[in-house]
Amino acid sequence: MSKSAETEGALETRGIEQVPDAERTARPRQLFPTWVGANISVLLLTMGASLVVAYHLNFWQALIVAVAAPIVSYGLVGLIGIAGKRGGAPGMALSRAVFGQRGNLLPGSLIWVARWGWETINAVTGAYAMLTILDILFGIKANSVLDMVTLLAFVVATFAISGLGINAVQKCNKYATYFFGVFSVLVLGYLVVDTDWSKVMDHSAGSTASVITGVGMIAAGGVSWIPSAPDFTRYLPRTASSKAIVGTAVGGAGVVVLPMVLMGAVMAVSTPDLASASDPVSFLGEILPTWIAVPYLFIALIGMLLINSMSMYSAGFTAQTLGIKVPRHWAVSVNAVISLVFGGVLMLVATSFMGSFIAFLSLLAVAFSAWVGVFGADMLRRTEYDGRAMADTTRTSAYWYKGGFSPAAVAAWAVGLVSGLMFTTSDWFTGPLATNNVIGEYGLGWVATIVISGALYLVLPKPASAAEPAADEVAGQPAASGA
């Protein structure tokens, strides 16, 4: 994004330190391909099918879900992304100003662990795409050894892109956006012609609760990007339009989520097994003609690569904020190894991919939402972030607060997290308040988490901070590095 010396080369060398003003030359419109790339996932097709098969929604209700989900989730992505232009640093580094140098380790650790699951699912989906392509083109059937080979190839490619840095990620997203647009039009055209629309439109309507729960399911993927939003906006100048930051996030996600969810819903009418398939990718080879299926699978493969690359890119920053003293591109390797190991377990052992995925999404949304509530509430009162204080992890830091913790932020985060889990239902866990109330029955545990944690943070007394923007930061010079 930035054309500075730090980022113009093949390898981005900046870590979690604050980006100097002189290097913050990006534009909000450059974020559009970022959020397009973050959503090019065939899993959206399967989730769209779930709206029809599992949630019993009709086409028009699925349309409502497909429109509302990206507005809700990526609206929050854009709003939190504003902190990136204010502070010029990754999200979990800015979070030190809110939670304290030690307190930030609590939500940071949970978010880092949650990313393991997200990256594992993406890696497995990418491996399935490779296996399906091999089957269609060469008749090579999947087996345990080939499963692991394709998974390894996917993880290595992900590490290569994310390790290079933001320029590599942005360029890949830009070209993927073009290819995705072309082949999505082809698939949409094929479905328009080949689908029995009378059967699609005759599907009975589901309940209002199912519609709202469906919005939450689709939105959960976007919620997982909220803490990462400043990672991609930190090269924007302080004067960048906040409205444009939010608009590009919602627009970039919406142009992908809307058609893919609807395509999945339409496909489910003729292929209801799609919603419960153990392999969430191979169905494309069965539903679509080869001349469309193969290139579309390639695009799906590239999309999963980009999603995982963006996730690992942000995970590298999170690892650094947790005290892993290595450069960002090596911090990325930690998550790469973890996703390889967990991905192998999921491919070889798990019996229901989508069941595991949707259960994970419900818990993922709550895990991220507790941080979102506190950090978002703090943004209402904080417009500047001290780069020196963020980089200083000792007692001399202005963000040390009380013993390294901000009691208000940590307490609000913990209470919000526990409260949200109590209202949440999944195949893995059901909270004691998940039934007999609107919040639980409508799948709003993650929303309750944001509201409770944010409201509690606003009313609790905040510790005093001596942090002010350092003079060299105002002048556009680099602050002390925390990488």
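The rules behind these values
- For every chain, the first residue of its written sequence is number 1, and the numbers climb from 1 along that sequence.
- It should be noted that, the model being predicted, local features are given only for residues of pLDDT at least 70 and side-chain atom pairs only at 80 or more, the latter also being counted only at that level, while totals for whole chains, interfaces and linings use all residues.
- Excluded from the side-chain calculation are hydrogens and water; included are all heavy atoms of the structure.
- The numbering of helices and of strands both runs from the N terminus, where a helix is a DSSP run of H or I of at least 4 residues and a strand a run of E of at least 2.
- Working definition: with a 1.4 Å probe on protein chains only, accessible area under 20% of the residue-type maximum means buried, over 50% means exposed, and in between means partly exposed.
- Here, residues are in contact when the closest pair of their heavy atoms is within 4.5 Å.
- For accessible areas, the Shrake-Rupley method is used with a probe of radius 1.4 Å. Any residue's cover is judged against the shown protein chains and nothing else.
- What makes a nonpolar core is a set of buried Ala, Val, Leu, Ile, Met, Phe, Trp, Tyr and Cys residues whose side-chain atoms join them at distances within 4.5 Å.

Each helix and strand counted, the chain has 22 helices and zero strands in total. The buried share among the 483 residues of the chain stands at 60%. Here the analysis covers contacts within the chain between residues at least 6 apart in sequence; of these, 87% occur between residues at least 24 apart. Within the structure as shown, the chain displays about 17700 Å² of accessible surface, and the carbon and sulfur contribution to it stands at 68%.

Of all hydrophobic cores here, the largest spans 137 residues; its most connected members are Trp35, Ile218, Trp225, Tyr296, Trp371, Phe375 and Tyr385. Those residues within four positions of Trp371 in sequence are excluded, and the remaining contacts are Ile80, Gly91, Met92, Ser95, Phe99, Pro107, Ile111, Ile226, Pro227 and Trp413. Membership of the second largest hydrophobic core comes to five residues, among which are Trp116, Ala315, Ala319 and Ile338.

Below, the discussion takes up unusual backbone geometry. Unusually for a residue other than glycine, Tyr401 sits at a positive phi of about 55°. Position of Tyr401 relative to the elements: it lies in the loop between helix H18 (387–391) and helix H19 (407–422). A relative accessible area of 16% places Tyr401 in the buried class. In this structure, Asn436 takes a positive phi of about 65° despite not being glycine. By the element assignment, Asn436 lies in the loop between H19 and helix H20 (438–441). In this structure Asn436 comes out as exposed when scored by relative accessible area, which is 73%.

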